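The lines below spell out each chain.
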Amino acid sequence: KNVRYYYRKFLTLCRKHGLEPESEMVTTEMMRTIAVESWGDEESVDELTNLYRDVRYGSQKDEEPERKTAKALFKKLKSLAESKKTA
């Protein structure tokens, strides 16, 4: 699974936890702001968003190290979202 896969899962996770902007136009910056405000882990959200952008727009390859990083960041954010949900 590639970096884009984990970023899409991150966006789905946001929606699952009710973190959607009111408008239908969703940008990565809007989702970043909403996730940081809700979950508080600015560093992980930024790292995943930046990794996605770098891979998506070609300044970085989508290879095993990047995929492992994306997966780990997604798992961390998912765990954080779940803990906030039960708190």
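Note that the structure is predicted; figures quoted are calculated from it, not measured.

A. Main features of the overall build of the protein. Summing up its helical and strand segments, the protein has four helices and zero strands in all. Listing the helices and strands of the protein from first to last along the sequence gives α-α-α-α. Of all 87 residues assigned to the protein, the portion counted as buried reaches 36%. In the protein, once contacts between residues fewer than 6 apart in sequence are set aside, the share between residues at least 24 apart is 62%. When the accessible surface of the protein is totalled, it reaches about 5,600 Å², and 46% of it is carbon and sulfur.

B. Representation of the environment of Thr28. By the secondary structure assignment, Thr28 is in helix H2 (residues 28–39). Note: C-alpha distance between Thr28 and Leu11 (17 residues apart in sequence) is 9.0 Å. What Thr28 contacts, discounting residues up to four positions off in sequence, is Tyr7, Thr49, Tyr52 and Arg53.

C. How the structure looks around the confidence of the model for the protein. Summarising the model, the protein shows a mean pLDDT of 84, and 87% of its residues fall at 70 or more. At the low end of the mean pLDDT range in the protein sits H2, at 77; at the high end sits helix H3 (residues 42–56), at 90.

D. Spotlight on the packing of aromatic side chains. Counting across every chain of the model gives five aromatic pairs. A centroid spacing of 5.0 Å and a plane angle of 85° characterise the contact between Tyr5 and Tyr6, whose relative ring orientation is edge-to-face. Classification of Tyr6 by relative accessible area gives buried; the value is 9%. An aromatic cluster is built from Tyr7, Phe10, Trp39 and Tyr52, whose rings are joined through pairwise contacts.

E. Main features of H3. Over its 15 residues, H3 extends 21 Å from the first C-alpha to the last, a length consistent with the 21 Å expected when each residue adds 1.5 Å. Looking only at H3, the buried set comprises Ser44, Val45, Leu48, Thr49, Leu51, Tyr52 and Val55. Buried residues along H3 cover an arc of 160° about the axis, so they all sit on one side. In the segment just after H3, Gly58 is the residue with positive phi, at about 90°.

Procedures and definitions
Residues numbered from 1 in each chain as written. Predicted model: local features only at pLDDT ≥ 70, side-chain atom pairs only at ≥ 80, totals over all residues. Heavy atoms only, no water. Helix = DSSP H or I, 4+ residues; strand = E, 2+ residues; numbered from the N terminus. Buried < 20%, exposed > 50% of the residue type's maximum accessible area, 1.4 Å probe, protein only. Contact = heavy atoms within 4.5 Å. Areas by Shrake-Rupley, 256 points an atom, 1.4 Å probe, with all protein chains shown as cover. pLDDT = per-residue confidence, 0-100. Phe/Tyr/Trp six-rings, centres within 6.5 Å; stacked < 30°, edge-to-face > 60°. Expected span 1.5 Å × (residues − 1). Arc of directions from axis to C-beta.

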